[in-house]
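Geometric and topological summary
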Amino acid sequence: MRWIFEYKKITALLLTMIFILCQAAVIVHADTVRASDLQVTYTEDKVNDYWTEYYYTVKNDSSQPVTGVIILIPADGDMQKCETWSGQMLSYDASAGGILLYAPVCIAAGGSASLEKMGIDAKTHPVTLGKPSVYAVNETRNWNSVHQYGDPPEDNTFPDKDMTDGGNAGNDMTGPVLETDYELKGEVKDMEFKDTPVGKHGKLHLAKVEGYGNAPVIVDEKGEPLMLRGASTHGLQWDVCIPYINKEAFQSFRDEWGVNLIRFAGYVRDDNGYLNGGRDVIDDMITKGMPYTKELGLYAIIDWHVLAYNPHEDKEEAKKFFEKYAGMYSGYDNVIYEICNEPTGTPWYDGTGRDLYSYANELIPIIREKDPDALIVVGTNTWSQDVDDVHNKPIEGYDNIMYAFHFYSGSHKGEFRDRVKNALDSGTPVFITEFGICDASGNGNIQTGEADLWMEFCEKYNISHACWAISKKDESASYFKTDCVRTSGWKQEDLAPTGVWLFNTYRREASSEQDDTAEKTETTEEMETTKETDSSKMSDMTEEKSALDQPGTSATTENKETTAPAESAPGFFERIIEFFRNLFAGVSAPGVAS
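Now for a quick tour of the structure.

1. Notes on the packing of aromatic side chains
- Under the counting rule described, the total for this entry stands at 35 aromatic pairs.
- Among the aromatic side chains, those forming a connected cluster through ring pairs are Y182, Y244, F253, W257, Y479, F480, W490 and F503.
- Between R269 and the ring centre of Y309, over which it is positioned, the NZ or CZ distance is 3.6 Å.
- When the ring centre of Y349 is taken as reference, the NZ or CZ atom of K393 above it lies at 5.0 Å.

Below is the structure:
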């Protein structure tokens, strides 16, 4: 997951309006809550060099309950990469003097409440925060609906029902977006291996294919282009992911959803990450899950989930990780290695030996020694978005190397597709190893329309992709609702908006792929039938020729005219026979010079 956020003008305008209402004490309740009645304190947690989190607590000293607050946080810079969760909203407003943070929190008279954290990438965009102040928002309408519905109507009222394409903080939004286009029965198939994705396509490699642009694309063992439709786990070390690493879950994804790829996301540094106490559980999840993918004929990505730092910092551990897993799974035809998820602050190439080009050239030989020809995906700078930088210094000397691009449709739109298109035009093979249909935080604004445009783009250029995340965590990127109890065989009522969209999209793509396969099979059968017919007719022609070669046999115009029925023009094969008859008789065929 990346931690960036692009602000919409409408959100800034809306929050500014709320702020002004608060300052003017325009409150629906008869009794007002003065700003002096509220106190706000906070703690700061510097997670890493890029990401800092702030936790705010609000105390209500008034005699009235508060049903929402907005905090003004003075800031000396525009917060380009700032995020919050669980129904809260953020906007930077210069006229207000900083960041406006809205929280739909209920605080009883005399009580206090802790808000969801606010995170800031303060290294990429340095900023100094001042002392916050807090105001009550006791409007009776649900201000969180603004975030859910997107742009409000001109009269500043809000719709009474949910909308398909707007936004959502959390994963339990209801309404039309939760309608599946296909019946979700929660059933699996008894499928022979030859009919599974790997059974049908075998080991993958890269090749240029006419019609898909200038860059190599993924093709199967027969050289036919194949687009992988992936489901990415959440962090393998966390409870929001662990229950879904089971054979039945993967089989449900394969049989009902149309998934043909599972991505195993092994966080490196984060809470209980591989190098932070979670090594055993991550190893357990990979070694448990990979055999399931092999048995079910699903492709799989083993991902070293670097997040927002220079991967050289943990390079030696990464070498051990991939030496281990390339050795374990080199005999698998389905494995793909992703050597750094979202490196940030690390240029593709600068000649220092600390860039991504150098990192890749140290990791790739480790894998190639064990697994000579599997696909390897290399992350790119800025949360794997600067994929268009690769063409200046592509990795040489190795086959089947691809480069990662990540997008979240609520944040990354046409200009980011242009980046990918530029990379493809320069010959850079791209794999979208992670994407989401919400904003870049993994939460908030869901944009299904923009996600559909991305899928059309992937289809056009045969770009494989994997959606974040197999999880029921309370965020928009999760496939499942927080109250979902099933760990496989899901029904419609289990799915959060991302899950519904993904099921509909992948199922439609899989159905289309099956239709194409069936059409090719029918065409092949027709060709075989035609070949049999042609063979039979050519046999007749040979017999005709043999007869013409016999002594005393000659072809005349009279013989020729009686060959075809008088009531119809001669067919193709009749004309061929006619041609040879005339040829062997020394007579010119129609349209052929003698």
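So that's the structure; there's more coming.
2. Here's the deal with unusual backbone geometry
- With an omega of 5°, the peptide bond between W468 and A469 qualifies as cis.
- Tracing the backbone through its elements, the reader meets A469 in strand β19 (residues 465–470).
- For W383, which is not glycine, the phi dihedral falls at a positive 60°.
- Within the fold, W383 resides in helix α8 (residues 381–384).
- The exposure class assigned to W383 is buried, which follows from its relative accessible area of 1%.

3. A short note on helix α10 (residues 448–461)
- Between its first and last C-alpha atoms α10 spans 20 Å; for 14 residues at 1.5 Å apiece the expected length is 20 Å, and the two agree.
- All of the buried residues along α10 are T448, E450, A451, W454, M455, F457, C458 and Y461. Looking straight down α10, one finds its buried side chains confined to an arc of 165°; they lie on one side. Residues of α10 that are exposed and angled more than 90 degrees away from the buried face: E456 and K460.
- Positive phi appears at N462, one or two residues downstream of α10, with a value of about 55°.

4. Observations regarding helix α9 (residues 414–425)
- For α9, built from 12 residues, the straight-helix expectation of 16 Å at 1.5 Å per residue is met to within 8% by its first-to-last C-alpha distance of 16 Å.
- Among the structural elements, β17 (401–408), β18 (430–436) and α10 are those in contact with the buried residues of α9.
- Where α9 ends, the next residue or the one after it, G427, has phi of about 95°, a positive value.

5. Some points on the pairing of strand β16 (residues 375–378)
- With burial as the criterion, each face of β16 is covered, one bearing L375 and V377 and the other bearing I376 and V378.
- Inspection of the sheet shows strand β15 (residues 335–338) paired to β16 by three bridges, in the parallel sense. Within β16, the residue paired with E338 across the bridge is V377.
- A crossover connection joins β15 to the parallel β16 through helix α7 (residues 356–370); in handedness this β-α-β unit is right-handed.
- When β16 meets β17, the two strands line up parallel, connected through three bridges.

6. Regarding the packing of helix α6 (residues 315–329) against α7
- Direction vectors running N to C along α6 and α7 enclose 25°, while the axes themselves pass 8 Å from each other. The angle between the axes of α6 and α7 places the two elements in the roughly parallel class. When you trace α6 past α7, the crossing you get is right-handed. Residues K315, A318, K319, F322, E323, A326 and G327 of α6 pack against Y359, E362, L363, I366, I367 and K370 of α7.
- Class assignment of the residues belonging to the contact of α6 with α7 gives a composition of seven nonpolar, one polar and five charged.

Basis of the calculations
- Residues numbered from 1 in each chain as written.
- Predicted model: local features only at pLDDT ≥ 70, side-chain atom pairs only at ≥ 80, totals over all residues.
- Heavy atoms only, no water.
- Phe/Tyr/Trp six-rings, centres within 6.5 Å; stacked < 30°, edge-to-face > 60°.
- Lys NZ or Arg CZ within 6 Å of the ring centre and 35° of its normal.
- Helix = DSSP H or I, 4+ residues; strand = E, 2+ residues; numbered from the N terminus.
- Buried < 20%, exposed > 50% of the residue type's maximum accessible area, 1.4 Å probe, protein only.
- Expected span 1.5 Å × (residues − 1).
- Arc of directions from axis to C-beta.
- Contact = heavy atoms within 4.5 Å.
- Pairing = 2+ DSSP bridges.
- Right-handed = clockwise from strand over helix to strand, strands pointing away.
- Axes fitted to C-alpha atoms, helices over the stretch in contact; angles between N-to-C directions.
- Parallel < 35°, antiparallel > 145°, perpendicular 65-115°, else oblique.
- Left-handed = near helix turned anticlockwise from the far one by under 90°.
- Nonpolar A, V, L, I, M, F, W, Y, C, P; charged D, E, K, R; others polar.

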